[in-house]
Amino acid sequence: MMIHLSVPLLLDSLRPLFTGERKRVSFIGVGTSFRIYFRRDREGVVSVAVAGTPLGRCGLEELASAVLRSTQEFEEEVLSRLPPGDKARSDFVAALRRFRAVTGPELP
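Bear in mind the structure is a predicted one, so any value in this text is a computation, not a measurement.

Thoughts on the environment of leucine 11
(1) Moving on: Tracing the backbone through its elements, the reader meets leucine 11 in helix H1 (residues 2-19).
(2) Moving on: For leucine 11, a relative accessible area of 0% gives the class buried.
(3) Moving on: Between the C-alpha atom of leucine 11 and that of glutamate 73, which follows or precedes it by 62 residues, the distance is 14 Å.
(4) Moving on: Once residues within four sequence positions are removed from consideration, leucine 11 is found in contact with Val67, Thr71, Ala95, Leu96 and Phe99.

Describing the environment of valine 48
(1) Moving on: Here valine 48 shows up in strand E3 (residues 45-50).
(2) Moving on: On the basis of relative accessibility, which here comes to 13%, the residue valine 48 falls in the buried class.
(3) Moving on: Placed 10 residues apart in sequence, valine 48 and phenylalanine 38 show a C-alpha to C-alpha distance of 4.7 Å.
(4) Moving on: Not counting residues up to four positions away in its chain, the partners in contact with valine 48 are Ile36, Tyr37, Phe38, Thr53, Pro54, Leu55 and Gly56.

Some details on the pairing of strand E1 (residues 24-28)
Two faces make up the sheet, and in a regular strand the side chains alternate between them.
(1) Moving on: Every second residue of E1 is oriented toward a common face, the buried set being Val25 and Phe27 and the non-buried set Arg24, Ser26 and Ile28.
(2) Moving on: As paired elements, E1 and strand E2 (residues 35-40) share 5 bridges and run antiparallel to each other. Bridging from a neighbouring strand, arginine 24 pairs with arginine 39 of E2.

Some points on the layout of surface pockets
It is a probe the size of a water molecule, rolled over the atoms, that shows where empty space is left.
(1) Moving on: Roughly 320 Å³ of internal volume is contained in the largest pocket.
(2) Moving on: Lining the largest pocket are 16 residues, with Leu10, Phe27, Phe38, Val67 and Ser70 positioned closest to its centre.
(3) Moving on: Mapped onto the lining of the largest pocket, the elements with two or more residues apiece are H1, E2 and helix H2 (60-77).
(4) Moving on: Sort the elements by how many residues they give to the lining of the largest pocket and H2 lands first, with 6 residues.
(5) Moving on: Tallied by class, the residues present in the lining of the largest pocket amount to 11 nonpolar, 5 polar and no charged.

Topic: H1
(1) Moving on: Look at H1: 27 Å from first C-alpha to last across 18 residues, which is about the 26 Å you get at 1.5 Å a residue.
(2) Moving on: The set of residues buried in H1 consists of His4, Ser6, Val7, Pro8, Leu11, Ser13, Leu14, Pro16, Leu17 and Phe18.
(3) Moving on: Along its buried surface, H1 packs onto E1, E2, E3, H2 and helix H3 (87-103).
(4) Moving on: Trailing H1 by a residue or two, glycine 20 shows a phi angle of about 85 degrees, which is positive.

Let's talk about the packing of aromatic side chains
(1) Moving on: One pass over the full model with this rule turns up 2 aromatic pairs.
(2) Moving on: Summarising the aromatic geometry, the rings of phenylalanine 18 and phenylalanine 99 are spaced 5.3 Å apart at their centres and angled 80 degrees between planes, so their arrangement reads as edge-to-face. Of this pair, phenylalanine 18 sits in helix H1 while phenylalanine 99 sits in helix H3, and the two are 81 residues apart along the sequence.
(3) Moving on: For phenylalanine 18, a relative accessible area of 15% corresponds to the buried category.
(4) Moving on: The exposure class of phenylalanine 99 is buried, given its relative accessible area of 0%.
(5) Moving on: Judged by centre distance (5.8 Å) and plane angle (50 degrees), the rings of phenylalanine 74 and phenylalanine 92 are tilted. Note that phenylalanine 74 is positioned in helix H2 and phenylalanine 92 in helix H3, a separation of 18 residues in sequence.
(6) Moving on: For phenylalanine 74, a relative accessible area of 11% translates into the label buried.
(7) Moving on: A relative accessible area of 0% means that phenylalanine 92 is categorised as buried.

Calculation rules
Residues numbered from 1 in each chain as written. Predicted model: local features only at pLDDT ≥ 70, side-chain atom pairs only at ≥ 80, totals over all residues. Heavy atoms only, no water. Helix = DSSP H or I, 4+ residues; strand = E, 2+ residues; numbered from the N terminus. Buried < 20%, exposed > 50% of the residue type's maximum accessible area, 1.4 Å probe, protein only. Contact = heavy atoms within 4.5 Å. Pairing = 2+ DSSP bridges. 1 Å grid on protein atoms, 1.4 Å probe; cavity = no way out; pocket = protein on both sides within 12 Å on 5 of 7 lines; lining within 4 Å. Points joined across faces, edges and corners; volume = space filled by probe spheres on them. Nonpolar A, V, L, I, M, F, W, Y, C, P; charged D, E, K, R; others polar. Expected span 1.5 Å × (residues − 1). Phe/Tyr/Trp six-rings, centres within 6.5 Å; stacked < 30°, edge-to-face > 60°.

Structure (structure tokens):
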């Protein structure tokens with residue numbers, strides 16, 4: 001059940017990177033010590049790292065697209081099994097709406 005809480009938290013953690021409020025953000029999943037770091041440079045390229053180990057770099061649009069594709073799959077395959085009034089489902093929907101507001105509705 002922790003993944004149901006972690007996905008909205010990831011979306012909310014990434015938003016300041018897209019709005020320009022922050023150049024560095026990190027995310028820790030609910031119920032785990034796993035932490036991932038995101039850093040945006042002046043050109044809008046995002047570096048992703050775990051425990052000081054670089055995982056890769058991508059543009060903001062590419063990151064948004066990957067995150068949105070994954071959240072859509074999660075919504076279809078996992079979240080759809082939760083009852084309509086479930087709080088985890090409503091948190092997910094609200095976080096996804098906020099994330100789309102800063103990344104643009106034209107992305108997947």
